[in-house]
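Reading the structure
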Amino acid sequence: MGNKVRAWSITTEAVAAERERTGGKTADVDVSKVIQLDDLELRDVGPSDVRMRILAVSAEHNIDHAATADTVNIAEMRGGRIYPGNSAVGEVIETGANVTRFKPGDVVITHCNGEPDHYGFPLRIWAYDQPESIGWYAEEAVVGDWQLIPAPLESGLNLWEIAALPLRAPTAYHMWRRALGIYRIKVPRERRSHLNVLGFGGGVSELFLMLAKSEGHNAFFCSGSPERREALEKMGITGIDQRQFNRFAAREDVSAFRKHVSSLTGGDDMHLVCDMLRGPVFPAGLAVAAREGVNISAGWQLSQVVEYNSTIMSVKQVTIDHTHYETVQGCEAATELYGSVFRPTIHKEIYPFEELGRAFAEMHENTQTGIPIIRVADQMPDSVKTLAP
Ligand SMILES: NC(=O)c1ccc[n+]([C@@H]2O[C@H](COP(=O)([O-])OP(=O)(O)OC[C@H]3O[C@@H](n4cnc5c(N)ncnc54)[C@H](OP(=O)(O)O)[C@@H]3O)[C@@H](O)[C@H]2O)c1
């Protein structure tokens, strides 16, 4: 058998204990009590496998969903325990006999497409609902070589910024190419070149807006975080304070938001809206949709179920589209844009591996100022030493 490493895990018992402590109130869950540092025996390296030392990972929201069981109880569905973590930067330390794309010493990033369907889209997500999949919040991991992409070390991003992107950038890239493609079926470039593009708070939306901006469109970021808005304003992306509209708690807040957007856009409203959150954000996004607009989502952080007026959406020719994650080829294409388009905002603290649980608790409390990164390796390889300040 392979070697033993430290890895973070979530168990059914830990989820149940925290649910009992909080009386089932998701908002009160302390995620650091649910995710626990464990020992994991890695499988042997097969002919098409790569063993890697994890250097850094980003905290991803799917762990919050796993720990709170607010959508599905994924630990239970997976047999009682999962080893999460589906975004990582690592150093290759061993390759199987058939692996030609990588060699020891290479620095790589992961994608989380767990099993592509006939057209390349994921049937399931790695380290979440893909059966038997072991995640990368660990000191080392064994993966198939098809799961790795060379890390773009010359992109101008530092290691923490690179670590922020393997899951979020392909998600944003897919949503962008799809939303734009859908809009262009209805309104070709011949009729309109500049679009108004809106994203609601969160790392994926920020990247979606960077894509919009890089292609010359007007981009707007509606978030409750002054730090995140300020970072995007430096890129020419207009900030809208979501708290000014009470996070759309009441209809009047949505009406006030609608008026604000109308004045910001000279009455044109938003042609493309990225909404990873749903819940109260969804009606606000629809209220500001332009005619022929597209409202796109790959997330359901605040609610899984939405309701809308089909007649109004039909009359306005608005498309509501749902995506999940990119194809493997799309993940490679998204990686080309690191540094030139994708320049993520990183939370001010880089968390040590042993404090990964706290990183998730603070993500749950929504107190972070950017994408949270966890440093896993104490010793960095020479090739990234200058990139990991
Ligand atoms: N399908 C996929 O492949 C995929 C990939 C990535 C993410 N996701 C999902 O998409 C969602 C967002 O992910 P992310 O990575 O973009 O998020 P993130 O970087 O973790 O940010 C989440 C954002 O949620 C906002 N938020 C928190 N509480 C809120 C509330 N009560 N009302 C309004 N906004 C609130 C915060 O924005 P402000 O406080 O700044 O407003 C925060 O920045 C998650 O549910 C995640 O699981 C899906």
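What follows concerns the domain arrangement of the protein chain. Here the protein chain is described as being made up of domain 1 (4-167 + 327-332 + 341-387) and domain 2 (170-322). Centre-to-centre, using C-alpha coordinates, domain 1 lies 28 Å away from domain 2. Contacts between the two partners involve 15 residues from domain 1 and, on the opposite side, 17 residues from domain 2.

To continue, consider the site of the ligand. Taken together, 29 residues are adjacent to the ligand, and Gly201, Gly202, Gly203, Gly299 and Gln301 come closest. Elements with a minimum of two residues in the shell around the ligand: helix H3 (61-68), helix H6 (168-186) and helix H7 (203-214). Taken together, the residues of the shell around the ligand break down into 10 nonpolar, 16 polar and three charged. Counting the residues that make up the shell around the ligand, at least three belong to each of domain 1 (4-167 + 327-332 + 341-387) and domain 2 (170-322).

Moving on: the packing of H6 against H7. Axis angle and axis distance: for two packed helices, these are the angle between their axes and the distance between the axes, and together they describe the pair. At a minimum axis distance of 8 Å, the contact between H6 and H7 shows a crossing angle of 50°. Between H6 and H7, the angle is such that the two are oblique. Crossing of H6 against H7: the hand is right-handed. Residues Arg168, Ala169, Thr171, Ala172, Tyr173, Met175 and Trp176 of H6 form the contact with H7, whose own contacting residues are Gly203, Val204, Leu207, Phe208 and Leu211.

Turning our eyes to something else, we now look at the sheet that holds strand S4 (residues 81-82). Strand order in this open sheet of three strands is S2-S1-S4, and the pairing throughout is antiparallel. Taken across any chain shown, the strands that pair with only one partner, and hence form the sheet edges, are strand S2 (35-41) and S4. With seven bridges joining them, strand S1 (residues 4-11) and S2 adopt antiparallel strand pairing. Residue Trp8 lies in a different strand from S2, and its bridge partner there is Leu37. Sheet strands in contact with helix H1 (residues 12-21) are S1 and S2, and its direction is about 40° off that of S1.

Conventions and cut-offs
Residues numbered from 1 in each chain as written. Predicted model: local features only at pLDDT ≥ 70, side-chain atom pairs only at ≥ 80, totals over all residues. Domains from an automatic or database assignment. Contact = placed C-beta atoms within 7 Å. Near = placed C-beta within 6 Å. Helix = DSSP H or I, 4+ residues; strand = E, 2+ residues; numbered from the N terminus. Nonpolar A, V, L, I, M, F, W, Y, C, P; charged D, E, K, R; others polar. Axes fitted to C-alpha atoms, helices over the stretch in contact; angles between N-to-C directions. Parallel < 35°, antiparallel > 145°, perpendicular 65-115°, else oblique. Left-handed = near helix turned anticlockwise from the far one by under 90°. Pairing = 2+ DSSP bridges.

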